[in-house]
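Close look at the chain arrangement
So the chains spell out like this:
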Amino acid sequence: MTGVESPAGWVESAGSVESAGSVESPGSVHAAWPVIPHQAWRRGIGVPCEKVGHPRVSTPMVDDGEWAGVPIGGLGTGSIGRTFRGDAARWHLEVGRHRFEPVAADGFAVFVGGSARSTTTPLSALRPAALPDWGWTLPTGAGTYHALFPRAWQTFEPDATGGVRLVGEQLSPVIGGDLAASALPVGVFEWWLENPGPDPLTVGLLFTWADPLPGAGPAPARPHRVVRGEGMLAVELGDLAAGPTGLRGTFAIAALEADGVDVTVRASFDPEADRDLWADFAADGRLEPGPESSPADIPSGAAIAATVQLAAGERRSIRFAIAWDLPVVEFGAGRRWWKRYTRDWGRTGDRAVDLAACALSKAGVWRTAIEAWQAPVLDDPDRPDWYKAALFNELYFLVDGGTFWEAGEVGEPQPGPDDIGRFALIECIDYPFYDTVDVDFYASFAILETFPELEARGIRDLLAVVPGGDATIVRIEASGLEAVRKAPWAVPHDVGGPDDDPFHRPNWYRYQDVNAWKDLGPKLVLQVWRDVVALGDDDLIGAALPTLERVMADLAGSDLDGDGLPDHGGIPDQTYDTWPMAGPSAYGGSLYLGALAALEAMHRRTGNVARADEIAACRARSAEAFERRLWRGSHYAYDDGGGASSDSVMADQLAGQWYADVTGLGDLVRPERTAAALRTIHELNVVAYGDGLVGAVNGMRLDGTVDESSEQSAEVWVGTTYALAAFMIGRGLVDEGWETARGAAAVTYERGLWFRTPEAYDRRGNFRACLYLRPLAIWAIEEALRRRRSGPA
């Protein structure tokens, strides 16, 4: 693990700050130029997307446009979305809540002064109504934005800045395997400056930030204040309210002082109509001394400038940091939780400056750790570059996905040191449900691959929810009928929503009656088995088996005709919740076969051979019915119920076989039929739908037309596409798998859906449900590649 400085400590002196590789300490006269990975996604700064998608459904959907980028923050800390224009616009500091509001004052500007003239330029392509005296003259496309989560870069050539070459790196320490660093609510901005000309230059960088208050929030309750530490200058934006709930904490911006770097500060300025601050900075690239605190009665901003002298050909670097200490999460029902980072940093809410100091000190260590973590993927010539970029960039959701990671409930005893804390991601902003089981089946590969301890805890938390019930009567939105919120022993759809009481009241979802869904139970069984295998966690079997046996027994009760397969009810009773299924289905049936195989394997591992043999006999009968009723010569039928989609080719038809491949369960169905079905899916759902360029549509007819019988049959689901690609690659259809995955990545990163990847889109790139959980399934491809390389060709 990479180290995190002792919470009680202070920033190290400038001379002892670690640096990454050949990158020298900030302020170095001969600072090495940073190397941006060539695999990083890139786009001209502020260049709009001509083919940006919009919501494809009439129900209200969040649509912030293409203005997004790599977020700032850690796991469960809340986050700030900084866009590829250079502004901060997406505000998720309140965990589980979304606000999009571009703030002109939040960003950087550069002063370049020479013997003949000087220029001052905001390093943002935003064209705001606020701060009109700041000029906003940076042309659209004047620089390049690069993104490889958890880092992003802005690069500018001298003609855009008034004569200096700039590279700015944004970094948050979300590092696979490093739980402590990944929990920190911080971001680092390191700038490298080069004077390419023959004459000396004065170069100043201005970092400004407005009070980060939601629109409905109150003003700060106490003044901003300047804080001076060893080798550091900071402004604390004190005692901020984190939103309408009135949660308290602090926010800070800081700069590292070093030889030859003159750091000046302004504790307060007007972030809407400032003139004085800008005029001051534009005069000489510095800020004149002013009051070291601000009035407490109005929202304001803070500013830090760092100024250097650059001789001809000289390079230097300057480091800034941002941090917040908002220690509490409060959900709609009033229950409050401590955030995970408070285990190391305390619960006072006044440590923002200390966190910023830690970030300034540890940035080099974190950069080295990020590079080491990503190197096996980035250095592999067999992985395509587009995939490398998408793989890491989709991890934005671990920070930006309403992420919750707790260190105990407020008012309750503090958890023990070995308690890793509950971790949860929201399904999406439009569907605000934590730990959506049917979606996590796909997305959890990302957690398993990057933070396996969190997956190990999460699967146990989910199992604990299953036995309980909630007899509250709810109205089902799709049908208007009434149902109980959660039946005892029914696998929940979710563990609750942020507007209610998540983790204590499951099933905030009301669109369908999830108590009778046919895929939740087998998905839970398969995910448990996958985690047993991947984590070597045999103890999980004993903890899970009683629950899983009950779940599977209840599911078997939905076999209405006695053929050994669960029967769907002629309604959307599974994750495709607007796409009805009737009778046995390929999707539901394959999951059931996979779950039986997993249950059998768990019993064999515990030595219960008799029970394992019983399950094997049951599975054999079910498999015979599956082949007899659903095989259609080239694929398995959507269902055998005589409905509008019964003979359609479903992209996700063999989801259970995919998980069986992942977990070593072997063939659930005849292997030649699996291969034929995958080839048919590729031919129809991938190639015939979009010439292989847009991923896999959910449903296709054998005549090459789209199944438009429902909203979801005619959609491409990003997460399903990535899972299908992993399935193909694992089965040796490597070219087909890469083509399938490439389509989903292309639509995401070429049609304005970057860093808000949706659940679904159509051929035109219009989408449903952005900032969605399921696309994290791209990490399942890593498992498939590893299995291909370790097993027979």
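Conventions used here
Residues numbered from 1 in each chain as written. Predicted model: local features only at pLDDT ≥ 70, side-chain atom pairs only at ≥ 80, totals over all residues. Heavy atoms only, no water. Helix = DSSP H or I, 4+ residues; strand = E, 2+ residues; numbered from the N terminus. Rg over C-alpha atoms; globule rule 2.2 N^0.38 Å. Buried < 20%, exposed > 50% of the residue type's maximum accessible area, 1.4 Å probe, protein only. Contact = heavy atoms within 4.5 Å. Core = buried A, V, L, I, M, F, W, Y, C linked by side-chain atoms within 4.5 Å. Polar contact = N/O pair within 3.5 Å; in protein donor to acceptor, adjacent residues only side chain to side chain. Expected span 1.5 Å × (residues − 1). Pairing = 2+ DSSP bridges. pLDDT = per-residue confidence, 0-100. Phe/Tyr/Trp six-rings, centres within 6.5 Å; stacked < 30°, edge-to-face > 60°. Lys NZ or Arg CZ within 6 Å of the ring centre and 35° of its normal. Axes fitted to C-alpha atoms, helices over the stretch in contact; angles between N-to-C directions. Parallel < 35°, antiparallel > 145°, perpendicular 65-115°, else oblique. Left-handed = near helix turned anticlockwise from the far one by under 90°. Salt bridge = Lys/Arg side-chain N within 4 Å of Asp/Glu carboxyl O.

We now examine the overall build of the chain. When helices and strands are tallied, the chain shows 18 helices and 31 strands. In terms of C-alpha radius of gyration, the chain reaches 27 Å, essentially the compact-globule figure of 28 Å for 793 residues. Overall size of the chain, expressed as C-alpha extent along the three principal axes, is 85 × 55 × 45 Å. Out of the 793 residues belonging to the chain, those deemed buried represent 66%. Within the chain, contacts between residues at least 6 apart in sequence are counted, and of these 70% link residues at least 24 apart.

With 267 residues, the main nonpolar core has Phe320, Trp658 and Ile781 as its most contacted residues. Tallying contributions element by element places helix 5 (residues 352–378) first for this core, with 15 residues. The residues touching Ile781, leaving out its near neighbours within four places in the chain, are Tyr387, Tyr722, Ala725, Ala726, Ile729, Trp738 and Ala741.

A separate point is the side chain of Ser646. With respect to the helices and strands, Ser646 occurs in the loop between helix 13 (609–630) and strand 27 (649–650). Within the structure, Ser646 has its side chain in polar contact with the side chain of Asp639 (distance 2.5 Å). Those residues in contact with Ser646, other than ones at most four positions away along the chain, are Ala637, Tyr638, Asp639 and Gly641.

In a regular helix each residue adds 1.5 Å, so 20 residues correspond to 28 Å; helix 15 (residues 671–690) covers 27 Å between its end C-alpha atoms and thus fits that length. Taken residue by residue, helix 15 has Arg673, Thr674, Ala677, Leu678, Thr680, Ile681, His682, Leu684, Asn685, Val686, Tyr689 and Gly690 as its buried positions. Downstream of helix 15 by a residue or two, Asp691 has a phi angle that is positive, lying close to 55°.

Right, let's get into helix 17 (residues 734–750). Spanning 17 residues, helix 17 covers 23 Å between terminal C-alpha atoms, matching the ideal 24 Å at 1.5 Å per step. Listed in full, the buried residues belonging to helix 17 are Gly737, Trp738, Thr740, Ala741, Gly743, Ala744, Ala745, Ala746, Val747, Thr748 and Tyr749. As for helix 17, its buried residues are in contact with strand 1 (41–44), helix 6 (385–393), helix 15, helix 16 (718–730), strand 30 (760–761) and helix 18 (780–790). One or two steps after helix 17, the chain reaches Gly752, where phi turns positive at roughly 75°.

Spatial ordering of the open sheet is given by 2-3-4-5, a layout of four strands whose pairing is antiparallel. Looking at which strands have only one partner, the edges of the open sheet turn out to be strand 2 (71–72) and strand 5 (99–103). Relative to strand 3 (residues 79–82), strand 2 runs antiparallel, the two sharing two bridges. Residue Pro71 lies in a different strand from strand 3, and its bridge partner there is Gly81.

Residue Phe149 is joined to Pro150 through a cis peptide bond whose omega torsion reads 10°. With respect to the helices, strands and loops of the structure, Pro150 is situated in the loop between strand 8 (143–148) and strand 9 (151–156). Its identity is not glycine, yet Asp435 carries a phi of approximately 55°, on the positive side. Along the chain, Asp435 turns up in the loop between strand 22 (423–424) and helix 8 (437–450).

This part covers the confidence of the model for the chain. Scored by pLDDT, the chain comes out at a mean of 93, with 92% of its residues at no less than 70. Within the model, pLDDT remains below 50 along residues 1–24, and this stretch shows 80 contacts once partners closer than five positions in the same chain are excluded.

This brings us to the packing of aromatic side chains. Counting across every chain of the model gives 53 aromatic pairs. Here the aromatic rings of Phe207 and Phe320 are separated by 5.5 Å at their centres, their planes lie at 65°, and the arrangement is edge-to-face. One end of the pair, Phe207, is in strand 12 (residues 201–210); the other, Phe320, is in strand 18 (residues 315–325), with 113 residues separating them in the sequence. Like Phe320, Phe207 is buried. Each ring, one from Tyr387 and one from Trp738, has its centre 4.9 Å from the other, and the planes form 65°; the classification is edge-to-face. Within this pair, whereas Tyr387 is found in helix 6, its partner Trp738 is found in helix 17, the two being separated by 351 residues in sequence. Overall, Trp738 belongs to the buried group, its relative accessible area being 12%. One aromatic cluster in this structure is built from Trp41, Trp67, Phe84, Tyr145, Tyr396, Phe397, Tyr749, Trp754 and Phe755. Cation over ring: Arg85 sits above Trp67, and NZ or CZ is 4.3 Å from the ring centre. The ring centre of Phe445 lies 4.6 Å from the NZ or CZ of Arg530, which sits over that ring.

What follows is about the packing of helix 15 against helix 16. At a minimum axis distance of 11 Å, the contact between helix 15 and helix 16 shows a crossing angle of 135°. In terms of axis orientation, helix 15 runs oblique to helix 16. The handedness of the crossing between helix 15 and helix 16 is left-handed. Judged by residue contacts, Thr674, Leu678, Ile681 and His682 of helix 15 engage Leu724, Phe727 and Met728 from helix 16.

Turning our attention to the environment of Gly704. Note that Gly704 resides in the loop between strand 28 (699–700) and strand 29 (716–717). Along the primary structure Gly704 and Asn685 are separated by 19 residues, whereas in three dimensions their C-alpha atoms are 8.4 Å apart.

A few words on the pattern of salt bridges. Oppositely charged side chains may form a pair once their charged atoms are brought near each other. Under the defined criterion, the tally for this structure stands at 64 salt bridges. A salt bridge links Arg315 to Glu194; the shortest N-O distance between them is 2.8 Å. Here Arg315 is found in strand 18, whereas its partner Glu194 is found in strand 11 (residues 186–194), with 121 residues between them in sequence. Given the relative accessible area of 10%, Glu194 is considered buried. One connected set of salt bridges, linked through shared partners, spans Arg56, Glu711, Glu715, Asp762, Arg764 and Arg768.

Spatial ordering of the open sheet is given by 29-30-31, a layout of three strands whose pairing is antiparallel. Since the sheet does not close on itself, it has two edges, and those belong to strand 29 and strand 31 (767–768), each with one partner. Alignment of strand 30 against strand 31, held across two bridges, turns out to be antiparallel. By the bridge assignment for strand 31, Tyr761 is matched with Phe767.

Okay, the environment of Ala780 next. In this structure, Ala780 sits in helix 18. A relative accessible area of 0% means that Ala780 is categorised as buried. Expressed as a C-alpha distance, the spacing of Ala780 and Gly730, which sit 50 residues apart in the sequence, is 9.9 Å.

The element strand 17 (residues 301–310) is extensively covered by neighbouring structure, given that nine of its ten residues are classed as buried. Taken together, the ten bridges between strand 12 and strand 17 define a ladder with antiparallel strand orientation. Bridge pairing links Leu205 to Ala306 in strand 17. With six bridges joining them, strand 16 (residues 262–269) and strand 17 adopt antiparallel strand pairing. Residue pairing across strands places Val263 opposite Ala306, the latter belonging to strand 17.

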